[in-house]
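# Secondary and tertiary structure notes
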Amino acid sequence: KVIFQPTVITKSGLTCRADIVTYDPKADAYDIREVKSATKVRPEDLQDVAFQLVCFEEAGIKIGNAYLIHVNNEYVRKGDINPQTLFITKDVTEEARALVPEVKKGIADARAILAVEDYPDNRVILSCKSKTGSCEYLETYLSQAPAKKLDVKKWPPVFAISLLQKGVLDANSL
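Remember, predicted model here, so these are calculated numbers, not experimental data.

So, on to unusual backbone geometry. For Gln5, which is not glycine, the phi dihedral falls at a positive 50 degrees. Among the structural elements, Gln5 can be located in the loop between strand 1 (2-4) and strand 2 (7-9). Residue classification places Gln5 among the partly exposed residues on the basis of a relative accessible area of 47%. One non-glycine residue, Asp28, lies in the positive phi region at around 50 degrees. Take Asp28: it is sitting in the loop between strand 4 (20-24) and strand 5 (29-35).

Below, the structure written as C-alpha cells:
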C-alpha cells in the first residue's frame, strides 16, 4: 500500500501531513517518506520527520521507519530521467526518533504560547533594530493588539513604531 499525502489529526489537536506513507507487512507498521527539494538532509528536515512521528503515533498509527528523499546533486541525465538515481533515499529513523523528546517539548512550548490570552507589550517593537524603520514583528504585534488597533498600512513603519514606543496602542490614544 502506498498513500500520498496522508493527513492525521490527533486527539490533542496536532495536525500533520506526510508526503508518502507505505505499509510494511513484515513489520506490520507504516513507513514515512518525506520528500525534500534540498540536496542533503538538513536539521529542519529531521525535525519535520520527528514531528510526523509524534503526530502519526499519537493518532494510533504504528510507524516503523522514516526516510528522507532528496535530490541527488551529482545526477546527470543521460536519456530518460532515472528516478532511482535522481533522488537519494536516506533512512533517518534513528535521528528522527532521537529528536522526538525535543519536538514534544517544542509542541508543549507552542501550546503554552497559544494559550496566552494577552497580547505582547511594546517591548517586542522596542527590540527592532532596523535602520530602515521596518520591523518584522509589527504586523503580528498589531494584529494581536486591542480591538481599536492601529492600521499598519496607514503609516510608514517608522511612524507606527515610534507611536508604539511611546505607548500608543490604539487609535483612541492618538
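We are not done yet, so read on.
Strand order in this open sheet of 5 strands is 1-4-5-6-7, and the pairing throughout is mixed. Either end of the sheet is taken by a strand with one partner, and the two such strands are strand 1 and strand 7 (87-91). Between one strand and the next, the sheet's axes are offset by a mean angle of 25 degrees, whatever the strand orientation. Here helix 1 (residues 43-58) sits on the sheet and contacts strand 4, strand 5 and strand 6 (63-71); the angle it forms with strand 6, its principal contact strand, is near 150 degrees. Across the sheet, helix 3 (residues 93-115) lies against strand 6 and strand 7, angled at about 110 degrees from strand 6, the strand it touches most.

Cut-off values and rules
Throughout, a residue's number is its position along its own chain's written sequence, starting from 1. For a predicted model such as this one, the threshold for reporting local features is a pLDDT of at least 70, and the threshold for listing and counting side-chain atom pairs is 80 or more; totals across whole chains, interfaces and linings nevertheless cover every residue. Only hydrogens and water are set aside when side-chain values are computed; all heavy atoms of the structure are taken into account. Helix and strand labels come from DSSP, where a helix needs a run of H or I of at least four residues and a strand needs a run of E of at least two; each type is numbered from the N terminus. Throughout this description, buried means an accessible area under 20% of the type-specific maximum (1.4 Å probe, protein chains only), exposed means over 50%, and partly exposed covers the range between. Any two strands with at least two DSSP-identified bridges between them are counted as paired. Axis lines are fitted through C-alpha atoms, for helices just across the contact stretch, and the angle between N-to-C directions can take any value from 0 to 180 degrees. Here, residues are in contact when the closest pair of their heavy atoms is within 4.5 Å.

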